[in-house]
Amino acid sequence: MISLSIGGQLRRIITGIAFNRYKEAFDRAGYAIMLIDNRTNRFIRVNKAAAELFGYTRAEFRKLTPLDLSTEPEEVKRKTKEQAEDPVVKPARTKDGKIIIIKVQTTYSDRFHVSLISDVTEEYRIRRTLELNEERLREAQRIGRFGWWEYRPETDRYLGSEELSGIFNDEVASFSMTYQEHLGYIHPEDRSYVHSTIMDAMEKKKETFLVNYRIITPTGKVKAIVVNSNIKYDEKGRLLYRYGTCQDITDTRRIMDDLIAARRQAEESDRLKTTFLANFSHEIRTPLNAMLGFMNILTSMSTTEEEKQEMVKLIDINSQRLLRLINDMIDMSRIESNNMEIKYTNVEINEFISSMGSAFAYEKEAAGKKHLKLTPVIARSQKAVYQSVDELRLSQIFSNLVGNAIKFTDEGEIRYGYRIVPSGDGYTLTYFVSDTGPGIPTENLDDIFQPFVQYWSEDMPKVQGAGLGLAICKRLSELMKGRIWIESLPGRGSSFLFTFNTPVIVE
Ligand code: ADP
């Protein structure tokens, strides 16, 4: 018995010591510990660190439940079985209303549960800032269309950010490719230049360099990129690694190219207009002066009847010339301001071609080129051939082209008319005006249909014109759903051909 009672006392003493040690450890712990009753959900006991963390005294804690520390309206109901939960990171509210971030690890027993809490506010803030910075960097890369990359000789690989893969492969993914694979992406025209720029930079031990080039992505898109490189060498001058950024400048480059083209076009049209104004004033003044001169002679008493007839003819030619010039100007400005109306009718083309003959013959004679042969060409004379066109505009195209042919041809023949070829269910008509004049050099053929463009070779006669005729023909053909083109070689004459994509009927 005695031994037993001694044993019982001893146990009490030992338990007392253990409990005191536990209490001491509980209070001195560097992190917060809370003991919570499962039934009442009240704090049974909290340690000093917990009181300090939340700003309540221990006496105050006895009146609180975990819900008073939570930022959530309701605490999640806990399990009561003996088990430990994975740690949770969540916000909590202190006595003075401050929000802190805590990491809670809870262990459950039947009657109570213990929560070990550490304050991770600072850690969380730093991590969040890092995440945010990373997010912003990713976003900046996406918006600025640039990525970073690194190349190491030991692996012979480029590694890069996801945005770099977006640039090279059109998809945001991890980026990794060998040097040779990278060369394969480069536009063939830029490849050797890029390779030699990289090699040259390393040979000269450069620390940075910049290179612009085009790549072709697996889906066939051509992109313009600018690559910024930094190079690191070891003490023996051997390459350690290269790293840098790569930016997709396709849009910027396109805008710049458009701006340069627009400026060039503006300069060109300014130059053409200046040339035109110089020409135009000459073109207007010449026939006007001639007309005034002839009129003075007409009114003089000594002029014979024969001379008078000649003067009237010359006045007529000059006023026609002036009228044509002014009409061209009006037509051109109407076309440019989209005010040219096209009136389609079914025109019988054989009759139409024949009807122009006498006007052309008169023009040829007035130009003093009676000897030139003028031949209308009708493809199906035995049948009626109709095409839906604006008759007035079609005759305007013919008279501009035949007028030019007469102007520029001194010897030979001018042929005008059409050819017909079956196409699909119907027919296509190709109209033409060809001459045996000086022809036009290949390098001038592209420009010849531009307004105010005139081309003179040494052996060409300097004739009048404001450079509008062919521009009007081109625009009229296009307005009638067609096109016009030229086949010409210097010294071999010129052929102007044009078609309209409108219905043709052969009867
Ligand atoms: P222009 O009224 O000055 O003749 P066009 O637009 O009709 O203006 O012609 C532009 C230029 O094209 C001419 O100045 C000439 O250089 C060239 N050209 C046009 N037709 C012919 C042709 N049949 N033969 C040779 N050159 C031609």
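Since we're looking at a predicted model, the values are computed, not measured. (Residues numbered from 1 in each chain as written. Predicted model: local features only at pLDDT ≥ 70, side-chain atom pairs only at ≥ 80, totals over all residues. Heavy atoms only, no water.)

K.L.:
Explain the overall build of the chain residue by residue, including any values.
P.N.:
Helix and strand content of the chain: 12 helices and 20 strands. Rg of the C-alpha trace for the chain: 47 Å, well past the compact-globule value of 23 Å for 507 residues, more than 25% over. Here the chain holds 507 residues, and the buried ones make up 38% of them. Accessible surface computed for the chain: about 30,900 Å², of which carbon and sulfur atoms make up 53%. Distance between charge centres in the chain, computed from 71 positive and 72 negative side chains, equals 11 Å. (Helix = DSSP H or I, 4+ residues; strand = E, 2+ residues; numbered from the N terminus. Rg over C-alpha atoms; globule rule 2.2 N^0.38 Å. Buried < 20%, exposed > 50% of the residue type's maximum accessible area, 1.4 Å probe, protein only. Areas by Shrake-Rupley, 256 points an atom, 1.4 Å probe, with all protein chains shown as cover. Lys, Arg positive; Asp, Glu negative; His and termini not counted. Charge placed at Lys NZ, Arg CZ, Asp CG, Glu CD.)

K.L.:
Summarise the nonpolar core; cite the residues concerned and give the values.
P.N.:
Within the largest apolar cluster, 53 residues are counted, with the highest numbers of intra-cluster contacts made by Leu-394, Phe-398, Leu-401, Tyr-416, Tyr-431 and Phe-498. Examining the composition of this core, we find that seven residues originate from one element, helix 11 (residues 391-408), more than from any other. Within the second largest apolar cluster, 25 residues are counted, among which are Ile-186, Met-202, Val-211 and Val-227. (Core = buried A, V, L, I, M, F, W, Y, C linked by side-chain atoms within 4.5 Å.)

K.L.:
Explain the packing of helix 9 (residues 305-336) against helix 12 (residues 469-479) residue by residue, including any values.
P.N.:
Running from amino to carboxyl end, helix 9 crosses helix 12 at an angle of 40 degrees, the nearest separation of the two axes being 10 Å. The angle between helix 9 and helix 12 falls in the class oblique. At the point where helix 9 passes helix 12, the crossing takes the left-handed sense. Residues Asp-328, Asp-331, Met-332, Ile-335 and Glu-336 of helix 9 touch helix 12, and the partners they reach there are Gly-469, Ala-471, Ile-472, Arg-475 and Leu-476. A per-class count over the contact of helix 9 with helix 12 returns five nonpolar, one polar and four charged. (Axes fitted to C-alpha atoms, helices over the stretch in contact; angles between N-to-C directions. Parallel < 35°, antiparallel > 145°, perpendicular 65-115°, else oblique. Left-handed = near helix turned anticlockwise from the far one by under 90°. Contact = heavy atoms within 4.5 Å. Nonpolar A, V, L, I, M, F, W, Y, C, P; charged D, E, K, R; others polar.)

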